[in-house]
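One-letter residues, chain by chain:
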Amino acid sequence: MIEIKNLHKRFGKLQVLDGVSFQVEPGGIIAVLGPNGSGKTTILKTILGMVHPQMGEIYFQGNAVLDKWEYRNDIGYLPQIARFPDNLTVQELINMIKNIRDVEADETELVNRFDLKLSLNKKLGNLSGGTRQKVNIVLTFMFDCPLLILDEPTAGLDPVALIQLKELIQEEKQKGKTLLITTHIMSLVEDLSDQIIFLLEGKIYFQGSVEELQEQTQQTDLEHSIAKILQGDV
Amino acid sequence: MFKILKYTFADLIRSRWSYVYLGFYLLLGFVLLFLNNDLSKAIITLMNVIVVLTPMIGTIFGIMYFYSAREFTELLLAQPIKRSHIFLGQYLGIALSLAFSLVIGLGIPFLVYGVAQSAEIWDFGLLLVVGAFLTFIFVALSVNISLRNENKVKGFGYAILVWLFLAVIYDGLFLVSLVMFDDYPLDKFTLVASMFNPIDLSRILILLKLDISALLGYTGALFQSFFGSGLGMIVSLSTLLLWSLIPVGLLIRTARKRDF
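Remember, predicted model here, so these are calculated numbers, not experimental data.

Asks: Got a minute to help me understand the overall build of chain B in this structure?
Replies: When you go through chain B residue by residue, the secondary structure sums to 10 helices and 0 strands. Tracing chain B from N to C terminus, the helices and strands come up as α-α-α-α-α-α-α-α-α-α. Against the globule reference of 18 Å for 260 residues, chain B gives a C-alpha radius of gyration of 19 Å, in line with a compact fold. For the C-alpha atoms alone, the extent of chain B along its principal axes is close to 55 × 50 × 30 Å.

Spelled out as structure tokens, the structure:
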């Protein structure tokens, strides 16, 4: 589904990605993990064409994607920070994104699920952070894309919405979709992910399942496995 | 591009600041036209306000919008749409909403006063055209600055500095250099120098149209003698057009190369 070859990205003097290569097969949930500043968001943004790498190649569904835009029809993206134009209403924003993508989409089920019905005609500037994140989720999941990229999807959500989001992610996986997720919440990774890509200092440190990581670090839970890697004990 | 333009325009036209801006022009238009019995004086006062105010508001709106819409721009960048269309759409959305406030805000008082039937209609029309040009130019300049500066405070500072330089400091430097190099033939230098400042150029353009030689000043007089009123207007108008096209081209180039 996605193939990344030898990706290098430098911001000024800071080398964020230093020869990252990996491959993702279609279907399943892949968690991209790593400490702050390890390049997680940069990788996701490079796949989306928002960041230009100095070197490397990216293939999506077999085609090279750098400097192209049509392939984004098949990718849904949930950005880390949910901020929208203040004076548009939720419904107008949903219509705008539908209008831009120009494909069929039905948001009613998602709007009901996340209890946004009463907010539809409110201006986005008057919504709380958590509600904006719910709008963000609706915008991402209302389209039928084979690949979903979620950057810190849980930010600002209350426990009810968090459970709903987890269910939603599972349902999408059941439909055979591929999901790339970054998060700092390890329980979410343990509950959901089929595969982990662990980044450290711009390189891929580990790629495999949760169990394999635990085996390799000789720990019984994911949090401790990762702590062990970060302390340099492995 | 038109989709982005449409929604940016819809967002901005509903913002409180758009109403304030519109209200200001309405008030200014009515006061100047109805409390002043000399129409040409009213036009000159309006000109002086427009050539300073539209660049300032364009600069501030442009820079504020792009910084506050950063996260939303990222969301748009992840959609299947060309980068240049996103930025062109947002730029035109801002510039058009500001130009809309200007044209409606001054247009209503004009119409009520009955300018449409008078001979001054072309002077007023030109005033609005120049105001719109300056809005487009300075929004484009400030968007360029915001794209090149990650740091909001720095970007805001640079943008204000550009406005201050072109609106105030440029004239000062220009005068000083004229006095200092008094002994040299300065005609060509003056002509070229005024082309490099859209605010000066707008002022000259309006004064050439109004044909008030006493107010033309040194640069205006040179313009008139060099090109004549007719050609002078064409030259200044096409230079203004260049002034609005070049920053937009630059903006698209910068946006294309940038990481978000």
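After that view of the structure, there is still more to cover.
Asks: When you look at the pattern of salt bridges in this model, what are you seeing that I'm missing?
Replies: When their charged atoms lie close together, side chains carrying opposite charge are able to pair. Evaluation of the coordinates by the stated rule reveals 19 salt bridges over all chains. The closest approach of N and O atoms between Arg203 of chain B and Asp200 of chain B, which form a salt bridge, is 3.2 Å. In this pair, Arg203 of chain B and Asp200 of chain B both sit in helix α9 (residues 198–210), 3 residues apart, roughly one turn of the helix. Using a relative accessible area of 21% as the deciding quantity, one classes Arg203 of chain B as partly exposed. Residues participating in the shared-partner salt-bridge network are Asp144, Glu172, Lys175 and Lys177 of chain A.

Asks: Explanation requested: the environment of Thr254 of chain B in the structure shown.
Replies: All names here are of chain B. Residue placement: Thr254 occurs in helix α10 (residues 217–257). Separated by 66 residues in the primary sequence, Thr254 and Lys188 have C-alpha atoms spaced 33 Å apart. Setting aside residues no more than four positions away along its own chain, Thr254 makes contact with Asn144, Leu147 and Arg148. Within polar-contact distance, the side chain of Thr254 engages the backbone oxygen of Leu250 at 2.7 Å.

Asks: Just checking my understanding: could you explain the sheet that holds strand β5 (residues 63–64) of chain A for this structure?
Replies: In any sheet, the strands associate via hydrogen bonds between backbone groups, in a parallel or an antiparallel arrangement. All names here are of chain A. Spatial ordering of the open sheet is given by β2-β1-β4-β5, a layout of 4 strands whose pairing is antiparallel. The open sheet is flanked by β2 (14–24) and β5, the only strands paired with a single partner. Relative to β5, strand β4 (residues 55–60) runs antiparallel, the two being bridged by 2 bridges. Its bridge partner lying in β5, Tyr59 is registered against Ala64.

Asks: I keep staring at the pairing of strand β8 (residues 178–182) of chain A and nothing clicks. Help me out?
Replies: Each regular strand carries side chains that alternate between the two faces of the sheet. Residues and elements named next belong to chain A. Burial of β8 is extensive: 5 of the 5 residues sit out of reach of the surface. Every second residue of β8 is oriented toward a common face, with Thr178, Leu180 and Thr182 on one face and Leu179 and Ile181 on the other, all of them buried. Judged from the 5 bridges that link them, strand β3 (residues 28–33) and β8 form a sheet pairing that is parallel. Of the residues in β8, the one forming a bridge with Ile29 is Leu179. Summarising the sheet, strand β7 (residues 147–151) and β8 pair through 5 bridges and their orientation is parallel. Each bridged residue has a counterpart across the sheet, and for Leu148 the counterpart in β8 is Leu179.

Definitions and cut-offs
- What you see as residue numbers is a count from 1 along each chain, following the sequence as written.
- As they are written, the chains are lettered A onward and the ligands numbered 1 onward, keeping that order.
- In keeping with the predicted nature of the model, local features appear solely for residues at pLDDT of at least 70, side-chain atom pairs appear and are counted solely at 80 or more, and the whole-chain, interface and lining totals rest on all residues.
- Computation of side-chain values: all heavy atoms of the structure, hydrogens and water removed.
- Helix and strand assignments come from DSSP, with helices taken as H or I runs of at least 4 residues and strands as E runs of at least 2, each series counted from the N terminus.
- The globule rule is 2.2 Å times the number of residues to the power 0.38, and the radius of gyration it is compared with is taken over C-alpha atoms.
- For this document, the term salt bridge refers to a Lys or Arg side-chain nitrogen within 4 Å of an Asp or Glu carboxyl oxygen.
- Only protein chains enter the accessibility calculation, which uses a 1.4 Å probe; a residue whose area is less than 20% of its type maximum is buried, one above 50% is exposed, and one in between is partly exposed.
- Here, residues are in contact when the closest pair of their heavy atoms is within 4.5 Å.
- Two N or O atoms form a polar contact when they lie within 3.5 Å of each other; inside protein one atom must be a possible hydrogen donor and the other a possible acceptor, and for residues adjacent in sequence the pair counts only when both atoms belong to side chains.
- Only strands joined by at least two bridges in the DSSP assignment are considered to pair.

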